[in-house]
Amino acid sequence: MAITKLITHLFRRYLPSPFTIAVLLTLLTIILAIVFTENTTGDSHIVAVLSYWENGIWNNGLLVFAYQMMLILVLGHVLVLSKPMERLILSITKYVKNTSNAAVLVALSTMLVSFFNWGLGLIFGAILARKVGEYAQENNIPINYPLIGACGYVGLMVWHGGISGSAPIKVSEAGHLKELLENITTTDIVDHFPESVSTALTVFSYSNLSIFFTVLVAISFLVYFLGKRVAPSTIALNKYQFKSSDKENHIGAEKLDHSKSFSMLFGILILSVFLIQYLPAIRTLNITPNMLNFFMFGLAIILHGSFKSFLLGVEEAIGDVSGILIQFPLYFGIMGIMGSSGMINQISDFFVSVSTTTTLPIFTFFSAGLVNIFVPSGGGQWAVQGPLVLQSALALNVPLPKAIMALAYGDQITNMLQPFWALPLLGITKLKAKEILPYTLLFMLVGSIIYIAGLLIF
């Protein structure tokens, strides 16, 4: 398709790495702040703006946020690498008969898993697509492997509206909203914001679950329809191996590393404390990042069966978070400049002037989709765009849960266009971005229609 070739060419030629983009956005923000904002300090304006930047980079609350997001990704990946998850993936592949049913199996499973945890869904979808390809190859079942690969990536189109979504799960933490806004706007405005916005009002709301279910059904029908019409492709794959701890005899303290009973005991201890600590929150459907990570930590240790296996999984998964580790501080610095210099207020005033209660969520959706092209991280995007969305929503009396979910929907939908998070999938499936892009663009189109309709209806 000509459009996919054009998009692939544009991304490769004109879009540098996400880290370089973060640096360019930082420099642009510094220049805009110097030119368009007033100096309210005794220092020179340039020195003041650079001070805002440095303070933003080391914002303690946001650094905790970055670590929480890294754990969500790593622990999700580690869960996929456990033996029970391997058996689940292999059991799904046994139902593959043709391209249509394989596409539905991969897309539906990936979206459901991604709703729980995006890191888990990202790697689960990639490995499932790979294993479906291997199964089809071994059993001489003709399938279109690029379509299957695209289906393994579709979870990134629903993740931000799910339990591990950066924006909805972070705002459920008591005090986060006010902490995010305290250096950006006046105390009077900050006082109008609640202590938190429960996930019962965002992720588990009737509107979000209805939208998610609609996407689930629509994409399943779409991939089934596509599977009936696309031609089979050539598959040449070696067997993908899960890492596992060695089976040799161990002596002394090594036995603790490989002890199933010891790791099981510790995992049960974690989950027991989890239930004691978070049972009230579970009953009210208010999920926080610490709560999710604590649960996945205990579950991952239990499913791996030994500390050695768990640590091997961590070793393999840790590379996933390199972007978050090094790019998030730059996004926090951008937010520091925009907040302390007054740029957030200026941009918020503009959005308020051109929006209404009805149109602001739609503008938020489209702007979030655009920002995601340059800031391909939901957590980083929330740090940069979140304060703007919150202030605009307050000014126009848009319910905060709706504004937050509008940002989440916009951020996740253009993952089908932005290939950054597809890199792990491409590495596992051995596909190329241009091979899956024709299908992910169709997913993006259908998803966008559903999300916009949902924002207008609800």
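Computed from a predicted model, the values in this text were never measured in an experiment.

## Some words on the side chain of threonine 364
Right, so step 1: Tracing the backbone through its elements, the reader meets threonine 364 in helix H19 (residues 359-374).
Right, so step 2: Threonine 364 sits in the buried class, given a relative accessible area of 4%.

## Considering the side chain of asparagine 208
Right, so step 1: When you line up the elements, asparagine 208 lands in helix H12 (residues 206-229).
Right, so step 2: Residue classification places asparagine 208 among the buried residues on the basis of a relative accessible area of 2%.
Right, so step 3: A polar side-chain atom of asparagine 208 sits 2.6 Å from a polar atom in the side chain of tyrosine 409.
Right, so step 4: Residues within four places of asparagine 208 in sequence aside, it is in contact with Phe115, Gly161, Thr202, Val203, Met405 and Tyr409.

## Considering a positive patch on the surface
Right, so step 1: On the surface, Lys5, Arg12, Lys432 and Lys434 cluster together to form a positively charged patch.
Right, so step 2: In this structure, arginine 12 sits in helix H1 (residues 2-14).
Right, so step 3: Arginine 12 sits in the exposed class, given a relative accessible area of 73%.

## Quick look at the packing of aromatic side chains
Right, so step 1: Following the criterion strictly, the structure yields 18 aromatic pairs and no others.
Right, so step 2: Between phenylalanine 274 and tyrosine 278, the aromatic rings sit 5.6 Å apart at their centres with planes inclined by 45 degrees, giving tilted as the arrangement. Of the two residues, phenylalanine 274 and tyrosine 278 both sit in helix H14 (residues 260-283), 4 residues apart, roughly one turn of that helix. Comparing phenylalanine 274 with tyrosine 278, the two get one shared label, buried.
Right, so step 3: Seen from their ring centres, phenylalanine 297 and phenylalanine 310 are 5.9 Å apart, and the 55 degrees between their planes marks the pair as tilted. Linking phenylalanine 297 in helix H15 (residues 289-304) with phenylalanine 310 in helix H16 (residues 307-317), this pair joins segments that are 13 residues apart in sequence.
Right, so step 4: Take phenylalanine 297: its relative accessible area is 28%, and that puts it in the partly exposed class.
Right, so step 5: Owing to a relative accessible area of 9%, phenylalanine 310 belongs among the buried residues under this scheme.
Right, so step 6: Among the aromatic residues, ring-to-ring pairing joins Phe65, Phe328, Tyr331 and Phe332 into one connected group.

## Some words on the nonpolar core
Right, so step 1: If you look at the biggest cluster of nonpolar residues, it comprises 148 residues, and the most contacted ones within it are Ile127, Ile148, Val215, Ile219, Trp382, Leu390 and Phe443.
Right, so step 2: Ranked by residue count, the leading element in this core is helix H4 (residues 60-80), at 12 residues.
Right, so step 3: Setting aside residues up to four positions removed in sequence, tryptophan 382 forms contacts with Phe65, Ala167, Val171, His176, Leu180, Pro387, Leu390, Ile404 and Leu407.

Cut-off values and rules
Residues numbered from 1 in each chain as written. Predicted model: local features only at pLDDT ≥ 70, side-chain atom pairs only at ≥ 80, totals over all residues. Heavy atoms only, no water. Helix = DSSP H or I, 4+ residues; strand = E, 2+ residues; numbered from the N terminus. Buried < 20%, exposed > 50% of the residue type's maximum accessible area, 1.4 Å probe, protein only. Polar contact = N/O pair within 3.5 Å; in protein donor to acceptor, adjacent residues only side chain to side chain. Contact = heavy atoms within 4.5 Å. Patch = residues over 30% accessible without salt bridge, like charges linked within 9 Å, V, L, I, M, F, W, Y side chains within 5 Å. Areas by Shrake-Rupley, 256 points an atom, 1.4 Å probe, with all protein chains shown as cover. Salt bridge = Lys/Arg side-chain N within 4 Å of Asp/Glu carboxyl O. Lys, Arg positive; Asp, Glu negative; His and termini not counted. Charge placed at Lys NZ, Arg CZ, Asp CG, Glu CD. Phe/Tyr/Trp six-rings, centres within 6.5 Å; stacked < 30°, edge-to-face > 60°. Core = buried A, V, L, I, M, F, W, Y, C linked by side-chain atoms within 4.5 Å.

Read these as layout, nothing more, since geometry by itself doesn't imply function.
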